[in-house]
Amino acid sequence: METLESNFKLVNRVKDTKFNIDHLHHYNLLLQIGARDFQLCVTDPRKNRCLLVEDYKIRLQEGQTLQSILKEIFEGHHILLAGFWSSVKISFKNKKFTLVPSDHFEKSKKNEFLCVNASIDDDEDTDYYKLIRSDAVLIFAYNKAIVEWMKSIYKKARVHVVHQSASFIEGILHHDDHVPGRNMFVLFDSRVLHILVTDNDSLIYYNQFVPSDIKALIKDVLLIMKAMKMNQQTSKVMIWGDVNADSKVFKGLYKYIRHISLGGKPSFLSFSYVFDEISEHKHFALYSLNLCN
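Here is what the cut-offs are and how they apply
- Residues numbered from 1 in each chain as written.
- Predicted model: local features only at pLDDT ≥ 70, side-chain atom pairs only at ≥ 80, totals over all residues.
- Heavy atoms only, no water.
- Helix = DSSP H or I, 4+ residues; strand = E, 2+ residues; numbered from the N terminus.
- Buried < 20%, exposed > 50% of the residue type's maximum accessible area, 1.4 Å probe, protein only.
- Pairing = 2+ DSSP bridges.
- Axes fitted to C-alpha atoms, helices over the stretch in contact; angles between N-to-C directions.
- Contact = heavy atoms within 4.5 Å.
- 1 Å grid on protein atoms, 1.4 Å probe; cavity = no way out; pocket = protein on both sides within 12 Å on 5 of 7 lines; lining within 4 Å.
- Points joined across faces, edges and corners; volume = space filled by probe spheres on them.
- Nonpolar A, V, L, I, M, F, W, Y, C, P; charged D, E, K, R; others polar.
- Salt bridge = Lys/Arg side-chain N within 4 Å of Asp/Glu carboxyl O.

Student: Any details on unusual backbone geometry? Residues and values, ideally.
Tutor: Despite not being glycine, aspartate 201 has its phi angle at roughly 75 degrees, a positive value. Relative to the elements of secondary structure, aspartate 201 occurs in the loop between strand S12 (192–199) and strand S13 (202–209). Owing to a relative accessible area of 43%, aspartate 201 belongs among the partly exposed residues under this scheme. Backbone geometry at lysine 229 places phi at a positive 55 degrees, although glycine is not the residue there. Tracing the backbone through its elements, the reader meets lysine 229 in the loop between helix H5 (214–227) and strand S14 (236–241). Residue lysine 229 is classed as exposed on the basis of its relative accessible area, which comes to 75%.

Student: How would you summarise helix H4 (residues 164–174) if you had to cite specific residues and measurements?
Tutor: In terms of residue burial, H4 counts as a mostly covered element, since 10 of its 11 residues are buried. Every buried residue of H4 is listed here: Gln164, Ser165, Ala166, Ser167, Phe168, Ile169, Glu170, Gly171, Ile172 and Leu173.

Student: Let's hear about the sheet that holds strand S7 (residues 97–101): which residues, and what values?
Tutor: Strand pairing within a sheet occurs via backbone hydrogen bonds; the two strands may be parallel or antiparallel. Strand order across the open sheet formed by three strands is S7-S9-S8, with antiparallel pairing between neighbours. Only two strands of the sheet have a single neighbouring strand rather than two, namely S7 and strand S8 (124–130). Recorded for the sheet is a direction-independent mean angle of 25 degrees between the axes of neighbouring strands. Here S8 runs beside strand S9 (residues 136–143); their pairing, made up of seven bridges, is antiparallel. The partner of aspartate 127 across the bridge, within S9, is phenylalanine 140.

Student: How would you sum up the side chain of serine 167? Please name residues and give values.
Tutor: Here serine 167 is to be found in helix H4. Serine 167 sits in the buried class, given a relative accessible area of 0%. Look past the residues within four positions of serine 167 in its chain and what remains in contact with it is Ser91, Ala285, Ser288, Leu289 and Cys292.

Student: Explain the environment of isoleucine 79 to me, and be specific about the residues and the numbers.
Tutor: Relative to the elements of secondary structure, isoleucine 79 occurs in the loop between helix H1 (66–75) and strand S6 (87–92). Spatially, the C-alpha atom of isoleucine 79 lies 9.8 Å from that of leucine 29, the residues being 50 residues apart in sequence. Sequence-distant contacts of isoleucine 79, defined by excluding residues within four places in its chain, comprise Phe19, Ile21, Leu24, Val42, Leu52 and Trp85.

Student: Go over empty space enclosed by the protein with me, naming the residues and quoting the values.
Tutor: Scanning all chains against the criterion turns up one cavity of 30 Å³ or more. Put simply, the largest cavity is a space of about 140 Å³. In terms of lining, the largest cavity is formed by 17 residues, of which the most central are Gln32, Asp189, Asp242, Lys282 and His283. Put simply, the parts of the chain that give the lining of the largest cavity at least two residues each are strand S4 (37–44), strand S5 (49–58), strand S11 (182–189) and helix H7 (284–288). In terms of residues, the lining of the largest cavity owes the most to one element, H7, which gives three residues. Residues of the lining of the largest cavity, tallied by class, amount to four nonpolar, six polar and seven charged.

Student: Explain the pattern of salt bridges to me, and be specific about the residues and the numbers.
Tutor: Under the criterion given, the structure shown has 11 salt bridges. Between arginine 49 and aspartate 16 there is a salt bridge, with its nearest N and O atoms 2.7 Å apart. Here the residue arginine 49 occupies a position in strand S5, and aspartate 16 occupies one in the loop between strand S2 (8–15) and strand S3 (28–33), the gap between them amounting to 33 residues. Here the two residues arginine 49 and aspartate 16 agree in accessibility, since each one is buried. Linking lysine 96 and glutamate 124 is a salt bridge whose minimum nitrogen-to-oxygen distance equals 2.9 Å.

Right under this line is the structure:
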């Protein structure tokens, strides 16, 4: 599906037949916001079931803000302006984050920690998220005006603000496809490369990269494998996102990594057959936002 609007394009929309607009107060609304894209997902936490997914591409024109285009999407939408969700989880996709061991973290110093890796703009605020299955805290920046606007819409819901890296990490650490030893999990989303490494289900490495081309992407992956003492012939690598088996990204990595495969939908959510039209390796971080508290 591809619907053209003035400033945004609806790329895909899939809805479960069990979605019931009268039950919104039971559902979780998951919103993932990037500089050039926006995704939403509705889940039913009573059954851990995915009910709706929508994916938008955004075109910022001169003088426009991301918030103004999001408002266009919301104002023409049949459920986004409803305020009575069980919870609303908002995830920002940006490079402004850092991970800190829990025993070193101090709330009063969160901005100091973050400023080591990223600058904080005047229109941004910061927050932190304690990872559920890792002894680490993720500190991140987000657009203040967008969050204030969304909180004004969802006054009756529990609103959580997190970072895409938090949802990806939580999803991987809950993922049931680990093998003993070190595993690498890769997300390539909107030209950003996420690399995560676990050792016997424990997080030992996570970072983002913005490779200039396929060669740079392959180099980033192989350098991290080497640094993590992983073997290109025996170590397992799984990849999600803007890839498929015929893509240059996947074929390029396959030349160097023997056990590389496309990831699948998470086992912690159930999906009806209608979601078969969405590739198994798409939207993993979006689905995983359902895990974040």
